[in-house]
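# Structural features, examined
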Amino acid sequence: MKKRILRNIEWGILVCTVLLIIIGVIALFSSTQNSDYDELKKQIMWLAISVPVMIVVILIDYEFFAKISPVLYGISIVLLIGVLFTEPINGATSWYSIGPFTIQPAEFAKIAVVLFTADVIVKIQRKGKDEMNRFLKLSLIILTVAVPVLLIIKQPDYGTALAFLFALIFMLFVAGVDKKYIITAILLVVIIVPVAYFFILPEHAKTRIDVYLNPDLDPRGAGYNIIQSKLAIGAGQILGMGLLKGNQTQLGYLYPKTTDFIFAV
């Protein structure tokens, strides 16, 4: 049993994950000394919770998760509906506040939706790989992702919604979706993107896109974080300025809690 589990572990992914965790903890230690290491303490706390969960998940056969994926999917949909009635945080109803903790159901939904969608594709393809290219069956697959995506857009959280769409695209591609659907989807994107930008997206979302393309449009406001991250990368280059020495972090210009730019840190 133990040998089978060890043999099936994706060691490359695990090693890369551990290295990223170590780098992230060191970066947080370096950048949060002026804030009593608040973010570092949170990261260590979540690590203490996550590692045992990871070990338990590894020990459970993945087929078990496939079997219960409809239940996980249903729970995710309920949580995504419920979170819409919570108090907004930073303008979005994306989090449940439980004491000192905040939980974002969309992050858990990513796993549930991918598992459930994969299960739906497998069941459809039991009669043949081309079964998924039937319009109604392909529509059913798309619907499994469309429901949580619409709920996440309602929060609004466009970045997370986009991650779901990319996951669906890659899953359909790997599953062997017909080229005519790929071409149709590309044409729809070309048409929908400019329409969405000018007529659908709210002003704050359009501002984020504009500032991403040109941070100097609002250097003291929406473009501040991007400019500070570029300064940090430009000053530190590949190896950085050294532990506890980064100008943008030590002087408080670039802080992971408010900027979310841990890579720049």
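In what follows, the accompanying structure is described. All values reported here derive from a predicted model rather than from experimental measurement. (Residues numbered from 1 in each chain as written. Predicted model: local features only at pLDDT ≥ 70, side-chain atom pairs only at ≥ 80, totals over all residues. Heavy atoms only, no water.)

### A look at the nonpolar core
A general feature of soluble globular proteins is that nonpolar side chains tend to end up buried together. Core analysis: the largest hydrophobic core is formed by 24 residues, its most contacted members being Leu80, Met132, Ile141, Val145, Ile152, Phe164 and Leu172. The biggest single contributor to this core is helix 6 (residues 105–124), with seven residues. Excluding anything up to four places from it in sequence, Val145 contacts Val113, Thr117, Phe164 and Leu168. (Core = buried A, V, L, I, M, F, W, Y, C linked by side-chain atoms within 4.5 Å. Buried < 20%, exposed > 50% of the residue type's maximum accessible area, 1.4 Å probe, protein only. Helix = DSSP H or I, 4+ residues; strand = E, 2+ residues; numbered from the N terminus. Contact = heavy atoms within 4.5 Å.)

### Here's the deal with helix 11 (residues 224–236)
Compared with an ideal rise of 1.5 Å per residue, which puts 13 residues at 18 Å, helix 11 spans 18 Å between its outermost C-alpha atoms and is within 8% of the ideal. Of all the positions in helix 11, only Ile226, Ile227, Gln228, Ser229, Ala232 and Gly236 are classed as buried. Backbone geometry just downstream of helix 11 places Gln237 in the positive-phi region, at approximately 55 degrees. (Expected span 1.5 Å × (residues − 1).)

### Considering the environment of Lys42
Inspection of the secondary structure puts Lys42 in helix 3 (residues 38–59). A residue is classified by how much of its surface remains accessible, and Lys42, at 40% relative accessible area, is partly exposed. Between the C-alpha atom of Lys42 and that of Phe101, which follows or precedes it by 59 residues, the distance is 9.6 Å.

### Section: the layout of surface pockets
Volume-wise, the second largest pocket comes out at about 620 Å³. Every residue lining the second largest pocket is counted, 18 residues in all, and those nearest its centre are Asn8, Ile9, Val57, Ile58 and Ile60. Looking at the lining of the second largest pocket, the elements with two or more residues in it are helix 1 (2–8), helix 2 (11–31), helix 3 and helix 4 (62–67). Broken down by element, the residue count for the lining of the second largest pocket peaks at four residues, all from helix 3. In terms of residue class, the lining of the second largest pocket is built from 13 nonpolar, two polar and three charged. (1 Å grid on protein atoms, 1.4 Å probe; cavity = no way out; pocket = protein on both sides within 12 Å on 5 of 7 lines; lining within 4 Å. Points joined across faces, edges and corners; volume = space filled by probe spheres on them. Nonpolar A, V, L, I, M, F, W, Y, C, P; charged D, E, K, R; others polar.)

### As for the packing of aromatic side chains
Counted according to the given criterion, the structure contains four aromatic pairs. Taking the centre distance of 5.8 Å and the plane angle of 70 degrees together, the rings of Phe64 and Phe65 count as edge-to-face. Over the aromatic face of Tyr197 sits the side chain of Lys206, whose NZ or CZ is 5.3 Å from the ring centroid. (Phe/Tyr/Trp six-rings, centres within 6.5 Å; stacked < 30°, edge-to-face > 60°. Lys NZ or Arg CZ within 6 Å of the ring centre and 35° of its normal.)

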